[in-house]
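Single-letter residue listing:
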Amino acid sequence: MFQPKKKRPRIRRTMSGLIALTLLSSLVFPSIAGAEPAEPSQVQFANVSVQPGQTVHVPVTLKQSYSQVSAYNMQIDYDTSALEFVRITPKSVSTISTSPEETGTGDFQYVINNEEGWVRIIWVNFNAGERLISDEQQLFDIEVKAKSNATPGTKQLTVVQSDSEHWLFTNVEHNSGAQLSGGTITITAANSGGDNSGSTPTPNPGNSSGGGGSVSPTTPVVTPVPSTPAVTKGVDIYVNGQKQEQSATATTSTVNNQVTTTVHVDNEKVINQIGSGLKTLLLPITGTGKGAVVGELNGKLVKTMEGSNAEVVIQTDSGTYTLPANQIQVDQVLNQFGSTVPLEDITIQIAIAPSATSKQTAIQAAADKLENTTVIAAPIDFEVKAIWNGQQVNVDRFNSYVERSITLPEGVDGSKITTGVVLQPDGSLLHVPTKVIKGNVQDSAIINSLTNSTYALIYHPATFSDVSSHWSRDDVQDLASRLIVQGTGENVFAPDQSITRAEFTAVLLRGLGLHAPRSAEAASFTDVETGSWYENEVETAVSYGLISGYADESFRPNSEISRAEALTIVSRAMKLVGLAQADASETTSLLSTYSDSAKVQAWAAEPVASAIKQELVQGADGKLMSDADISRAQSAAIVKRLLAKAGLI
């Protein structure tokens, strides 16, 4: 049931209105009487660099909070001789923003005064406790410009934290205050950092053509301040299995109570040692426990590895990341920063880190909503970033499946894992292809994905009463335990019921771990309704080239799908997972063994033969029955065989 939208109080878009809103912010969620005071929240302004006459973005992030934030206000002061604020963009929850120049009323408001050098920002949650702000969440983004006559040096964004009109955070349970860090803006001389154009390169939005890989637009680098002195020592790495002594250094420090070890590879030394024969660069970093590990290479080494079809492996106590160098897409990264930037000046960071407390809480909450579900291992983040001159891009989409593993704690039985999952923006958990490997001491879960994300492992056993003696029992219950297929009712699967085109597409996508389109281009079918449950599935399948629809520009989502149509979609998925398809000579040979092969239409011949070649289908009584509707049980069996044949489960 939809809830009616609550009316928002209308607040004047003036400075006096903002002051009134400041007072209101402390009353929206009053402190609970007798509540124990919490530790203050931690708010971080990014430290960034910019050239005179250029603009830069400063993310402002709630890094840690012991209770969800319901309102805040702050006044940021800055040096008008060097800086000019352009705009403020809210990033947290579902905010509606207004500035003095805009009409309407928002729960996020701001006023910029570039003459006096201050900006006032206020956010109040008017949603009766819904959509509160948790830690590890960006609050807003500041776009600031360095004036053309600004001299090189550092400028600090400041806040008078002792004045509640300038700095106040209200939490659900109490007003615990907040502490601020960062906010240094370094103004650099023109042409610094390797850019010969004399100006900051214009970010290239990138594209996902050529197989789906993409990098994000540039954003400012957030440099956390270590709370412990950094300790650096030499470490050994391995090239093609051979130890390379003292070819890297490891620096360990503690940031926000998180121990982080960063391994800096001696790029030139490795390049000189390997020539053109590099296949594997292994960075084994053990003894860090649950700490974060970051491997650092430069763009020149990555480009050399790309030419050798080599891979870099980060191996830690908590997991392993195996990343082919060509999936980093260093040429796309270079385009983001500017084609004149030297590759050796670009730092590539490959990270394995425990997820923030907020993500752990969200994943547990999502598991609690599912029946009979247990989170087996704490979530882990796998990230790839490229950094240059105070800017970074995230490499978060790949052209082919990339493998990473999560090592289970000692004593945790791998048989108690049914799948790996990713947390979606709507708070749900979705399957990613996962298989468990038994170890002598510790088991591990191998996860393959086309994206980077936060991954957790769950145990979600599933059974259905109407498949207990059905031929498809093992396939159906395995896929149900992986959150790939669902029942039609309580403890009922209806294995022999036919399946629609939209339903089959959704099952295949869930099995492949494809949960969002790889490009922004929307599917243009005349009968795919906006807001329908299958709209995202159809757009995702189109973006990966799995479906194309009919000549009349329809998709017919609710029509039953035939075996030939289903296998045509599956054959396209075979390309994605790297399974060989049947060629023309094989097609004739493979189809000829079935008595009804003449009924297979020409457009379906090669896809059906490809499915036969990979043993995804066997037929029944010597027949393919390509025009018959495919059942729910048959769909589950084919998808499971596809994933198993590709080594994804």
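For the structure itself, look to the data block above.
Not measured: the values here are computed from a predicted model. (Residues numbered from 1 in each chain as written. Predicted model: local features only at pLDDT ≥ 70, side-chain atom pairs only at ≥ 80, totals over all residues. Heavy atoms only, no water.)

I would appreciate a short explanation of the overall build of the chain in the present structure.
For the chain, the helix and strand inventory stands at 12 helices and 30 strands. For the chain, the proportion of its 649 residues judged to be buried stands at 50%. Partitioning the intrachain contacts of the chain with sequence separation of at least 6 by distance along the chain shows that 75% fall at a separation of at least 24. Surface summary for the chain: the accessible area is close to 28,800 Å², and the carbon and sulfur share equals 48%. (Helix = DSSP H or I, 4+ residues; strand = E, 2+ residues; numbered from the N terminus. Buried < 20%, exposed > 50% of the residue type's maximum accessible area, 1.4 Å probe, protein only. Contact = heavy atoms within 4.5 Å. Areas by Shrake-Rupley, 256 points an atom, 1.4 Å probe, with all protein chains shown as cover.)

Would you mind showing me how to read the packing of aromatic side chains here?
Geometrically, a pair of aromatic rings is defined through the distance of the ring centres and the angle of the planes. Counted by the stated rule, this structure contains 12 aromatic pairs. Ring centres 5.8 Å apart and planes at 35 degrees place the aromatic pair Y72 and W123 in the tilted group. In this pair, Y72 sits in strand 4 (residues 69-77) while W123 sits in strand 8 (residues 118-124), placing the two residues 51 residues apart along the sequence. Just as Y72 is buried, W123 falls in that class too. Ring geometry for F382 versus Y455: centroids 6.0 Å apart, planes at 65 degrees, classification edge-to-face. Placement of the pair is F382 in strand 24 (residues 374-388) and Y455 in strand 30 (residues 454-459), with a sequence separation of 73 residues. On the basis of relative accessible area, F382 is assigned to the buried category, the value being 1%. Its relative accessible area of 0% is what places Y455 among the buried residues. (Phe/Tyr/Trp six-rings, centres within 6.5 Å; stacked < 30°, edge-to-face > 60°.)

Help me understand the side chain of S49, please; the structure alone is not making it clear to me.
Residue placement: S49 occurs in strand 2 (residues 48-50). Side-chain polar atoms of S49 contact the backbone oxygen of N389, separated by 3.4 Å. The contacts of S49, once residues within four sequence positions are left out, are V56, T186, T188, N389 and G390. (Polar contact = N/O pair within 3.5 Å; in protein donor to acceptor, adjacent residues only side chain to side chain.)

What's the story with the environment of I638 in this structure? I'm lost.
With respect to the helices and strands, I638 occurs in helix 12 (residues 632-645). Each C-alpha atom of the pair I638 and L508 lies 9.2 Å from the other, and the pair is 130 residues apart in sequence. In this structure, I638 is in contact with L567, V570, L616, V617 and I630, ignoring residues within four places of it in sequence.

Help me understand helix 8 (residues 535-543) in this model?
The periodicity of an α-helix, 3.6 residues per turn, causes residues three or four places apart in sequence to face the same way. Along helix 8, the residues that are buried comprise E537, V538, E539, T540, A541 and S543. Contacts made by the buried residues of helix 8 are with helix 7 (501-512). With its phi angle positive at about 70 degrees, G545 sits one or two positions after the end of helix 8.

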